[in-house]
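# Structural overview
The chain contents come next:
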Amino acid sequence: MTTKPFLRTLAGEAVWPPPVWLMRQAGRYLPEYRAVRNEAGGFIKLCTTPEAAAEVTLQPIRRYGFDAAILFSDILMVPWAMGQGLRFAEGEGPLLDPVRDQAGLDALQLEGVAERAAPIMETVRRVRAALEADHPNTALIGFAGSPWTVACYMVEGRGGGEFAEARRMAFRNPELFAAVMAKLEAATLTYLLAQADAGAEALMLFDSWAGLLSPSGFRRWVIEPSVRLATALRAARPDIPLIGFPRLAGPLLQEYAAAMPIQAVAMDTGMDPKWAAAHVPPNMALQGNLDPQAVVAGGPALDEEARAILAAMRGRPFIFNLGHGIVPPTPPEHVAQLMDVLRAG
Ligand code: 1CP
């Protein structure tokens, strides 16, 4: 039996004080991250250099003693592994060569995914070994984007907007869109199974743009492919718990949680934790959902917001986190302040 609080929670236990980690806990708000990133020579290089990627994965664990580390990589490394052109322009976010037609679809390769992603699996192995040696209570999370969210970037070619092109393609040419999604789903399964085999102890599916869809779109492009993926993962690796994050799902969170064979569901900032507790299965852990801007602000507001979430979640399986990723202007000492509040329960 595991003694790691994060894994006990995913097994359905109401561990208290709750385990905690933060989305984007490795990143630009940490000076030690910026140093390694500048040294590595670009973001993709950082993700595919195991020594550097393992180092930045471990930095926030050393600083704060979080209960989980999350592999340092990006959801767009799956299209990259399928051969889609990807670059991260300074200050602009990701740019991809958009997939808009049959030729774009045909150019995506499934065969080379495992080989191109091999350095990422080496990072997983290194981080797991380092955790077992130095942080035995910290679990390792592997992750991927859900097919819908990653397809948004693949079709649009960039982030930062509302993914109008991708959403229109889903209406105008659903056959082509479904074919892109199907190829991506297969690549994502390969990629997540490889992470589990390399030592990831839990897997998280990020569906950051789930909330852009209509209810019928949500069922077709979020729930259906995510259920297929999660079911395949559970069948192949029944001991690896899964976390789903259908961001901005609103009341459709209930349908998502009922349909998905997952052990935890993550709440975005706007979700009422009490509503979520009443509408997801009682043995399914909840994760979230502090406003990242409260951590930038610090002060008494940070303590109050964190305590309100704890009060709403006491007595059920719960993992403290943010409602979305930590943002670069966050003062690192405010994360330490948050940890003091949380460890006091
Ligand atoms: O150093 C830099 O300038 C790059 C910034 C950065 C970082 C630190 C990007 C570019 N990705 C990451 C790492 C990352 N991304 C992690 C790893 C570790 C951790 O959490 O500590 C994870 C889990 C992600 C996941 C990710 N990437 C998501 C899903 C979660 C979310 O935030 O909604 C998404 C949507 C992305 C795409 C992406 N990658 C990077 C950026 C700036 C973006 C967003 C682009 C947009 O605005 O649409």
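The rules behind these values
Residues numbered from 1 in each chain as written. Predicted model: local features only at pLDDT ≥ 70, side-chain atom pairs only at ≥ 80, totals over all residues. Helix = DSSP H or I, 4+ residues; strand = E, 2+ residues; numbered from the N terminus. Contact = placed C-beta atoms within 7 Å. Near = placed C-beta within 6 Å. Nonpolar A, V, L, I, M, F, W, Y, C, P; charged D, E, K, R; others polar. Pairing = 2+ DSSP bridges. Core = buried A, V, L, I, M, F, W, Y, C linked by C-beta atoms within 7 Å. Buried ≥ 20, exposed ≤ 12 C-beta atoms within 10 Å, placed from the backbone. UniProt positions renumbered as here; feature names shortened; annotations may be inferred. pLDDT = per-residue confidence, 0-100. Axes fitted to C-alpha atoms, helices over the stretch in contact; angles between N-to-C directions. Parallel < 35°, antiparallel > 145°, perpendicular 65-115°, else oblique. Left-handed = near helix turned anticlockwise from the far one by under 90°. Right-handed = clockwise from strand over helix to strand, strands pointing away. Expected span 1.5 Å × (residues − 1).

Let's shift gears to the overall build of the chain. Across its full length, the chain holds 17 helices and nine strands. Its C-alpha atoms give the chain principal-axis dimensions of roughly 55 × 45 × 40 Å. Sequence-distant contacts, at least 24 apart, represent 73% of the contacts inside the chain between residues at least 6 apart.

The full set close to the ligand counts 23 residues, and Ala26, Gly27, Gly159, Phe206 and Ser208 are the nearest of them. Residue classes in the shell around the ligand are distributed as 11 nonpolar, eight polar and four charged.

Two elements, strand β2 (residues 86-89) and strand β3 (residues 93-96), share four bridges in a ladder whose sense is antiparallel. Paired with Arg87 across the strands is Leu95, a residue of β3. Hairpin geometry of β2 and β3 is characterised by an intervening segment of three residues between the two adjacent antiparallel strands and by a positive phi of about 75 degrees at Gly91.

By size, the foremost hydrophobic cluster in this structure holds 113 residues, and its most contacted members are Ala151 and Ala264. Top element by residues in this core is helix α11 (residues 174-198). It accounts for eight residues. The contacts of Ala264, once residues within four sequence positions are left out, are Leu10, Ile243, Met284, Ala285, Leu286, Gln287 and Ile319.

Now for the UniProt feature "site: Transition state stabilizer" (unreviewed entry) in the chain. Cross-referencing UniProt, the feature "site: Transition state stabilizer" (unreviewed entry) maps to Asp74 in the present numbering. Along the chain, Asp74 falls in the loop between β1 (68-70) and α5 (77-81). With 20 C-beta atoms packed within 10 Å, Asp74 lands in the buried category.

Take the confidence of the model for the chain next. Detailed conclusions should not be drawn from predicted coordinates in areas where pLDDT is low. With 100% of its residues at a pLDDT of 70 or more, the chain shows a mean pLDDT of 97. Looking over the chain, one finds the lowest element-wise mean pLDDT in β2, namely 93, and the highest in strand β6 (residues 242-246), namely 99. Here the predicted complex carries an ipTM of 0.93, next to a pTM of 0.97.

Looking now at the packing of helix α9 (residues 147-156) against α11. Closest axis-to-axis distance for the α9/α11 pair is 10 Å, and the angle between their directions is 120 degrees. By the angle between their axes, α9 is oblique relative to α11. Pair α9 / α11 crosses with right-handed handedness. Contacts from Pro147, Val150, Ala151, Met154 and Val155 in α9 reach Val180, Met181, Leu184, Glu185 and Thr188 in α11. Here the residues of the contact of α9 with α11 are counted per class, giving eight nonpolar, one polar and one charged.

The omega angle of the peptide bond from Trp16 to Pro17 is -5 degrees, so this bond is cis rather than trans. Position of Pro17 among the secondary structure elements: in the loop between α1 (5-10) and α2 (31-40). Look at the link from Gly288 to Asn289: it is a cis peptide, with omega at -20 degrees. Here Asn289 is to be found in strand β8 (residues 285-290). Look at Arg24: it is not a glycine, yet its phi comes out positive at around 60 degrees. Within the secondary structure layout, Arg24 lies in the loop between α1 and α2. What makes Arg24 partly exposed here is the crowd of 18 C-beta atoms within 10 Å.

Before going further, it helps to spend a moment on the pairing of β6. Among the five residues of β6, five are classified as buried, and the element is accordingly described as predominantly covered. Neither face of β6 is left uncovered, since the one carrying Leu242, Gly244 and Pro246 and the one carrying Ile243 and Phe245 both have all their residues buried. Judged from the five bridges that link them, strand β5 (residues 202-207) and β6 form a sheet pairing that is parallel. Bridge pairing links Leu205 to Gly244 in β6. As paired strands, β6 and strand β7 (residues 264-266) are joined by two bridges and run parallel to one another. Among the inter-strand pairings, Gly244 is bridged to a residue of β7, identified as Val265. Regarding topology, helix α13 (residues 252-259) serves as the crossover connection from β6 to the parallel β7, and that connection is right-handed.

Between its terminal C-alpha atoms helix α17 (residues 332-343) stretches 17 Å, which fits the 16 Å expected from 12 residues at 1.5 Å a residue. Gly345 occupies a position one or two residues after α17 and carries a positive phi of about 75 degrees.

With that settled, the discussion passes to the environment of Pro17. What makes Pro17 partly exposed here is the crowd of 16 C-beta atoms within 10 Å. In the structure, Pro17 is positioned 302 residues away from Ile319 in sequence and 9.4 Å away in space, judged by C-alpha atoms.

In spatial order, the strands read β1-β4-β5-β6-β7-β8-β9; together these seven strands make up an open sheet with parallel pairing. Each edge of the open sheet carries a strand with a single partner, namely β1 and β9 (318-322). Strand-to-strand, the axes of this sheet are offset by a mean angle of 25 degrees, without reference to chain direction. Judged from the three bridges that link them, β1 and strand β4 (residues 139-145) form a sheet pairing that is parallel. Pairing of Ala68 across the sheet is with Ala139, part of β4.

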